[in-house]
Structure formats: C-alpha cells, structure tokens
There are 2 protein chains.
Amino acid sequence: MRQLRQFIVLGHTVPIEPDFTLNDLPGSAGRLDVLCRCVNAAFFLSHDLRHDVQLYLVIQDELVVRFDGSTVQYLNPDERSTAALIQKALEKAQVHPLEEERESTPGIHVSRREFSDILQTVDGTVLQLHEDGDPLETVAPVDDPVFVLSDHEDFSADEQALLDEYTDARVRIGPRTVHADHAITIVHNRLDRL
Amino acid sequence: MRQLRQFIVLGHTVPIEPDFTLNDLPGSAGRLDVLCRCVNAAFFLSHDLRHDVQLYLVIQDELVVRFDGSTVQYLNPDERSTAALIQKALEKAQVHPLEEERESTPGIHVSRREFSDILQTVDGTVLQLHEDGDPLETVAPVDDPVFVLSDHEDFSADEQALLDEYTDARVRIGPRTVHADHAITIVHNRLDRL
C-alpha cells in the first residue's frame, strides 16, 4: 500500500531566535537534539531516504518547519548537521513575515503557524499514539496516516484537547513508553510490514 | 519473560586515539555519531533506562567499550554527551595495558579485545539480523539474545565469517534495510511485545 506518512512533532523549548550554539543542543538550543533525532527517524533508511514522508516540527506553537521527503537535500543522520538546517530555517523566519511558507534549504520550509493550523490543513487520517489504543496494524491501512508526537515534555492540556478533537483513531505500538524518535522508527517498521 | 538483551556494534572507522573534536562526530571522529545513536537506542525509554541491556562497541577490532545498563550513569540521549563518554573510555585505554576491563565512568568499561573475543565469551543466543531469516517473534523466546550490528559500513568478509560461525539463528525484523540504531529500537519493541 502506497501511503504518505506524516509526523507532527511538538517542540516546546527550542528557541525561536536562532542565536544558539550547535555545541549545546540539549542546553541553550532547548533540547533541539530531540527534534533532530525525530528528523533522522522519519527519513533515514540504510543508504536511502524515505521520500513518502512529511515531517512538521512545531516550535513553541509559533513556527513550523516542514521537511518534505520528496525534495529534501543536504540531510545527514547526525544531530548537529540537522540542527544546522533547522537553525537556517529559524534564521529565514527572522527576516520574513512568513504568512506563506518559505523554503530555507531544499525541501525544508518555514512558516509562522500554530499546531492548530497544521491539524486543520493536514490531509490524512490522524492516529493518536495511546497506550489504550488498538494495535497499530489493525487500524493503519488508512489513507496518509498522521502521527502527532511530543518532544521530551508531555502534551499540554490545550494541545491534548486539540489532538483529541482531530484524532480519527487511537493506536498502540507497544507496552513500553518510548521517546518520540523511537516511536517514529517503530511506526515505520510496523507500516512497512503491512 | 525476563531476558538480558545484548547488542554488539562494530565501529570500523572511529579512531582509537581520543584526540578528536566533539564538534565533528561524522568527520574527524570517524562516524562516532552512528555508535552514539546505537547507545541511545539500546538504553533509553521515556523517563527511564533499560537496565537489562549490555552493549558492546567494538572499535576497529581493537578496543571494546562495554555499556552495562544495570550500572551505567551520566548517560544522556544526545549524541555529543555520549561521544564524550566514549572519548573518556578511549582515553583510559591510552594509559592502561587493558588486559583486564577497566571502568572509565560508572557502568562503562574498556578493554583491549577483538570481535572474536566478545563472540567467544558472551553468554547468550546469537541472533543474526538477516533479510532471509525467520520473523523475530517466532525465534526470540530464547535466553539472553545477542544481536550483532555494523555501523555505516557492511560487515567485512572476516567479520561475516565469524558471525556465521557463532550464529544460533537468523531473524528478520522487516522488509526495509535500516540503520543499526533503528534496528535496535525495532528489536526492543518486538521483544517488549512478546
């Protein structure tokens, strides 16, 4: 089955201002390392990229950095080089009003939007990862699934309410609670096997 | 089922000499970023560590850095801080003959050993990840499974021969070939569900 796989990851502490050092992603860059690992998990195969993936990084509910797997370039698996690409997107956002999306580097786009904007416009079936959900395999043969994840912090009450409003189904991927990037890796593997 | 899960990861290009910069893990540190992501995948749960894991990083078939999940400390999920711990282990190896393992930081041990030494001494069932293997679930209820993975390079002919000699069973985790750290994440998820 050919699907577009879509991931929305909420980053609560990454700064909007791009003047952080790449030498301290967990500190001054506000756990940007977490988002970089989500990018890695979303796109990398061994010696290949997953081209049928869209990833939205929602930063402080104010900026959205979208990675388009069909056009993205200059992507490497390590955290630091991915952080540099995100930093470039944040720099682009400093000099443009961004009512429309702008491309910061090939396949990476930035806009001034909120989580709710993405949920309203994303085209697909929103599957919420939840420990009480049905097994992913029983639900996943849907059109263009959308998975929403949070960084190192839990969803806020407002975010959870939005997510509940837009969720089409709750799905479960395993008995242990894992990091967002590990969840993306597991989702890919489980969908690959369908 | 309570198992010790064991992972051996072969690093072909990480330098034995620890005088590399943490600012260039993919370059001067010889793709140390790959090994750091394997450490992350092996140990991290959301807000917890997997204590029932042993991870062996075999560096240029000359040094072995062993992470013991039951005692490891100071481990953070980002690549750079994990690289600093591995660098400390390599520094320890500079000043000791290392016929015996030495602890460089809590739960991290270094010794002058080869891949074959680890295969000979590791106590468990060696499961080779292979596209022609049986599904992991059908094989995995074994004592203390041992998974052997390679970094960004394929196994050399000598390594493959050793692996074949010690392999108890071949197992398959999915139709797509994935990075070593993603394979570790998938293995954990599939074993968690048994």
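Here, the structure is the one placed above.
Asks: So what exactly am I meant to see when it comes to the overall build of chain A here?
Replies: A tally of helices and strands in chain A yields six helices and 10 strands. In terms of overall size, chain A behaves like a compact globule, its C-alpha atoms giving a radius of gyration of 16 Å where 194 residues would be expected to give roughly 16 Å. In terms of principal-axis extent, the alpha carbons of chain A reach across some 45 × 40 × 30 Å. Taking the intrachain contacts of chain A between residues at least 6 apart in sequence as the baseline, contacts between residues at least 24 apart amount to 68%. Each charge class in chain A can be summarised by its mean position, and for the 17 positive and 35 negative side chains these summaries are 6 Å apart.

Asks: Would you mind showing me how to read the sheet that holds strand β8 (residues 125-135) of chain A here?
Replies: Strands in a sheet are paired, the pairing made by backbone hydrogen bonds, and the direction either parallel or antiparallel. All names here are of chain A. In space, the eight strands of this open sheet follow the order β6-β7-β5-β4-β1-β9-β8-β10, with mixed pairing throughout. Only two strands of the sheet have a single partner each, and these edge strands are β6 (102-105) and β10 (169-172). For this sheet the average axis-to-axis angle between neighbouring strands, irrespective of direction, equals 35°. Where strand β1 (residues 5-11) lies against strand β4 (residues 53-59), seven bridges are found, and the strand directions are parallel. In the strand pairing of β4, Q6 is matched with Q54. Strands in contact with helix α1 (residues 32-43) are β1, β4 and β5 (63-68); relative to β4, the strand with the most contacts, it is inclined by about 170°. With respect to the sheet, helix α2 (residues 79-95) is in contact with β4, β5, β6 and β7 (108-111), its orientation differing from that of β6 by roughly 140°.

Asks: What exactly am I supposed to notice about the interface of chain A and chain B here?
Replies: Many analyses report the size of an interface as the accessible area lost when the parts associate. Listed as interface residues are 32 residues of chain A and, on the opposing side, 32 residues of chain B. Summing both partners gives a buried area of about 2,900 Å² for chain A against chain B, and 52% of it is carried by carbon and sulfur. When contributions to the side of chain A that touches chain B are tallied by element, the ones reaching two or more residues are α1, β2 (44-45), α2 and α6 (180-192) of chain A. Among the elements that line the side of chain A that touches chain B, the one with the most residues is α6 of chain A, at six residues. When the residues that make up the side of chain A that touches chain B are grouped by side-chain class, the tally is nine nonpolar, 11 polar and 12 charged.

Asks: How should I be thinking about the relation of the copies chain A and chain B in this particular structure?
Replies: Between the two copies of the chain lies a relationship made up of a rotation around an axis and a movement along it. If you rotate chain A by 180° and push it 0.0 Å along the axis, it lands on chain B with an RMSD of 0.0 Å. Such a combination of rotation and displacement between the chain copies is what one expects of a two-fold axis. Among all residues of chain A, the one whose C-alpha sits closest to the rotation axis is I186 of chain A, at a distance of 2.9 Å.

Asks: Honestly, unusual backbone geometry in this entry has me stumped. Any pointers?
Replies: If a residue is not glycine, its phi is most likely negative; likewise, a peptide bond is most likely trans. In this structure, R31 of chain A is a non-glycine residue whose phi angle is positive, near 65°. If you trace the backbone, R31 of chain A turns up in the loop between β1 and α1. Phi is positive for Q60 of chain B, which is not a glycine, with a value near 50°. Residue placement: Q60 of chain B occurs in the loop between β4 (53-59) and β5 (63-68).

Asks: Explain the packing of aromatic side chains to me, please; I cannot follow it from the model alone.
Replies: Each aromatic ring pair is specified by the distance between its two centres and by the angle formed by the two planes. In total, this model carries four aromatic pairs over all chains according to the counting rule given. Seen from their ring centres, F43 of chain A and F67 of chain A are 6.2 Å apart, and the 35° between their planes marks the pair as tilted. Placement of F43 of chain A in helix α1 and of F67 of chain A in strand β5 is noted, with a sequence separation of 24 residues between them. Residue F43 of chain A shares its accessibility class with F67 of chain A, and that shared class is buried. Ring plane angle 20° and centroid distance 5.6 Å describe the contact between F7 of chain B and F147 of chain B, whose orientation is recorded as stacked. Placement of F7 of chain B in strand β1 (residues 5-11) and of F147 of chain B in strand β9 (residues 145-150) is noted, with a sequence separation of 140 residues between them. Like F147 of chain B, F7 of chain B is buried.

Definitions and limits used
- Residues numbered from 1 in each chain as written.
- Chains lettered and ligands numbered in written order.
- Predicted model: local features only at pLDDT ≥ 70, side-chain atom pairs only at ≥ 80, totals over all residues.
- Heavy atoms only, no water.
- Helix = DSSP H or I, 4+ residues; strand = E, 2+ residues; numbered from the N terminus.
- Rg over C-alpha atoms; globule rule 2.2 N^0.38 Å.
- Contact = heavy atoms within 4.5 Å.
- Lys, Arg positive; Asp, Glu negative; His and termini not counted.
- Charge placed at Lys NZ, Arg CZ, Asp CG, Glu CD.
- Pairing = 2+ DSSP bridges.
- Axes fitted to C-alpha atoms, helices over the stretch in contact; angles between N-to-C directions.
- Buried area = accessible area lost by both parts, 1.4 Å probe.
- Nonpolar A, V, L, I, M, F, W, Y, C, P; charged D, E, K, R; others polar.
- Least-squares fit on C-alpha atoms with pLDDT ≥ 70 in both.
- Phe/Tyr/Trp six-rings, centres within 6.5 Å; stacked < 30°, edge-to-face > 60°.
- Buried < 20%, exposed > 50% of the residue type's maximum accessible area, 1.4 Å probe, protein only.

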